[in-house]
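Fold and contact review
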Amino acid sequence: MGRVPDDGGGDERLQVLSDETGRRWHPHGLPGYAQGIDRDAETPRVIEGSTSEVRLWSARQRFGVAIHAALVALLVPLYVLIAPVANWREPLVLAMLAVMAVVVDRHDVPLPAGIRFDALMAVALIAVAVGGPLPAFAVVLVPMVFNAATGHERLLRAGNLANLAAYGWYTLAGGLILQATAPDPTAPAAIGWLILAGLVQQYVNWAVGPAIYGPLWLGRPFRAFVDLLFDTIAAGAVMVVIGAVSVILMGPLDVFALALFAVIAVLPGSYLTYAAR
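A brief structural summary. Note that the structure is a prediction, hence the values are computed from the model and not measured.

A tally of regular secondary structure across the protein chain gives 11 helices and 2 strands. Counting helices and strands in the order they occur from the N terminus, the protein chain gives α-α-α-β-β-α-α-α-α-α-α-α-α. When each of the 277 residues of the protein chain is scored for burial, the buried share is 53%. Here the contacts in the protein chain between residues at least 6 apart in sequence split such that 72% fall between residues at least 24 apart. Accessible area of the protein chain: about 11600 Å², with a carbon and sulfur share of 70%.

Here you go:
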């Protein structure tokens, strides 16, 4: 998803599209379309937690949380009834992808105009191709749990409910596409279907996560999120193609394809992040 991060102090910052596509929106005066937004207009620090805090939510925020809660609840019967069968027979691959998910989540690359570029969507696409929607869902949830366990972000917050809904829906969408079109995702002929699945995941992530969370929780204009979607199509497509090629290479190279993926898409982001610091 856009993943919706928590800066640890309570102010919500919105990562639009997903770590995956690459651009985050911060209401703290960063360049890009967020220019001119008053940083004092940020969501108050009554975001989640106690009953008293929930009472302070506006009707708009309650509505947004209710939508995401309903979307999460709907995932349960859908995963049971229509999701492709989960493949847990590649525990090493899934573990490597989970580690990569944590690394790319922590080490996105700031680019001009407020864009942040990382590889979580590519990681998710590989996980869907290898294990199906449920294992992929588990992989992309690892950074959320890891961040909470290490005190980097709070677990119980509206942003993570949006993340949960977006992750569940986009991994399901990608899995259904590959089930219908690519019985063997590692076959070279599947490259087009892998790219299609990745692009659909990108748009589902945006639609279920930031497109709802931004206007309803943060109170930002919906049009701004539409503009941001178009601004990040190219960056997202690059990561999708890298993920799709990595899946194809797993046929002849097996786990060594993931090592190549890490060199191309994961390690450069980590290096640039530390260099920027």
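Don't stop here, the text continues.
Before going further, it helps to spend a moment on empty space enclosed by the protein. According to the stated counting rule, one finds 2 cavities of 30 Å³ or more in the structure shown. The space that makes up the largest cavity amounts to roughly 50 Å³. In terms of lining residues, the largest cavity is bounded by Gln61, Gly64, Val65, His68, Ala158, Leu161, Ala162, Ile212, Tyr213, Leu216 and Trp217. Residues of the lining of the largest cavity, tallied by class, amount to 8 nonpolar, 3 polar and no charged.

The final tally for this structure, using the stated rule, is 2 salt bridges. The salt bridge partner of Glu153 is Arg157, with a shortest N-O separation of 3.1 Å.

With that out of the way, let us pick up helix α6 (residues 158-181). End to end, α6 covers 35 Å across 24 residues, agreeing with the expected 34 Å (1.5 Å per residue, within 8%). Summarising burial for α6: 18 of the 24 residues are buried, a large majority.

Centre-to-centre distance and the angle between the planes together describe a pair of aromatic rings. Applying the stated criterion to the full structure yields 5 aromatic pairs. Between Tyr167 and Tyr170, the aromatic rings sit 6.0 Å apart at their centres with planes inclined by 80 degrees, giving edge-to-face as the arrangement. Placement of the pair is Tyr167 and Tyr170 together in helix α6, with a separation of 3 residues, close to one helical turn. An identical accessibility class is assigned to Tyr167 and Tyr170; each is buried. Ring plane angle 50 degrees and centroid distance 6.0 Å describe the contact between Trp206 and Phe222, whose orientation is recorded as tilted. Residue Trp206 is found in helix α7 (residues 191-208), and its partner Phe222 is found in helix α9 (residues 222-231); the two are separated by 16 residues along the sequence.

With that settled, consider the packing of helix α4 (residues 120-131) against α7. It is the contact of α4 with α7, at a shortest axis distance of 10 Å, that shows an interaxial angle of 125 degrees. In terms of orientation, α4 and α7 fall into the oblique class. Between α4 and α7 lies a crossing of right-handed hand. Here α4 contributes Met121, Ala124, Leu125, Val128 and Ala129 to the contact with α7, which in turn contributes Leu194, Ala197, Gly198, Gln201, Gln202 and Asn205. Taken together, the residues of the contact of α4 with α7 sort by class into 7 nonpolar, 4 polar and no charged.

With that settled, the discussion passes to the environment of Ala73. For Ala73, the position within the fold is in helix α2 (residues 59-81). Placed 92 residues apart in sequence, Ala73 and Ala165 show a C-alpha to C-alpha distance of 8.8 Å.

Here we take up the nonpolar core. Ranked by size, the top nonpolar core spans 55 residues in total, and within it Leu97, Val123, Ile126, Tyr167 and Phe261 carry the most contacts. When residues of this core are traced back to their parent elements, those giving at least two are α2, α3 (91-106), α4, α5 (133-149), α6, α7, α10 (233-253) and α11 (256-276). If you tally residues by element for this core, the top one is α4, at 11 residues. Apart from residues lying up to four places away in sequence, Ile126 is in contact with Leu97, Gly243, Ser246, Val247, Met250, Leu258 and Phe261. Core analysis: the second largest hydrophobic core is formed by 7 residues, Trp57, Ala162, Tyr213 and Trp217 among them.

The subject of this paragraph is a nonpolar patch on the surface. Together, Leu253, Phe256, Leu260, Val263, Ile264 and Leu267 make up an exposed nonpolar region whose accessible area comes to about 580 Å². Relative to the helices and strands, Leu253 is located in helix α10. For Leu253, a relative accessible area of 35% puts it in the partly exposed group.

Cut-offs used in this document
Residues numbered from 1 in each chain as written. Predicted model: local features only at pLDDT ≥ 70, side-chain atom pairs only at ≥ 80, totals over all residues. Heavy atoms only, no water. Helix = DSSP H or I, 4+ residues; strand = E, 2+ residues; numbered from the N terminus. Buried < 20%, exposed > 50% of the residue type's maximum accessible area, 1.4 Å probe, protein only. Contact = heavy atoms within 4.5 Å. Areas by Shrake-Rupley, 256 points an atom, 1.4 Å probe, with all protein chains shown as cover. 1 Å grid on protein atoms, 1.4 Å probe; cavity = no way out; pocket = protein on both sides within 12 Å on 5 of 7 lines; lining within 4 Å. Points joined across faces, edges and corners; volume = space filled by probe spheres on them. Nonpolar A, V, L, I, M, F, W, Y, C, P; charged D, E, K, R; others polar. Salt bridge = Lys/Arg side-chain N within 4 Å of Asp/Glu carboxyl O. Expected span 1.5 Å × (residues − 1). Phe/Tyr/Trp six-rings, centres within 6.5 Å; stacked < 30°, edge-to-face > 60°. Axes fitted to C-alpha atoms, helices over the stretch in contact; angles between N-to-C directions. Parallel < 35°, antiparallel > 145°, perpendicular 65-115°, else oblique. Left-handed = near helix turned anticlockwise from the far one by under 90°. Core = buried A, V, L, I, M, F, W, Y, C linked by side-chain atoms within 4.5 Å. Patch = residues over 30% accessible without salt bridge, like charges linked within 9 Å, V, L, I, M, F, W, Y side chains within 5 Å.

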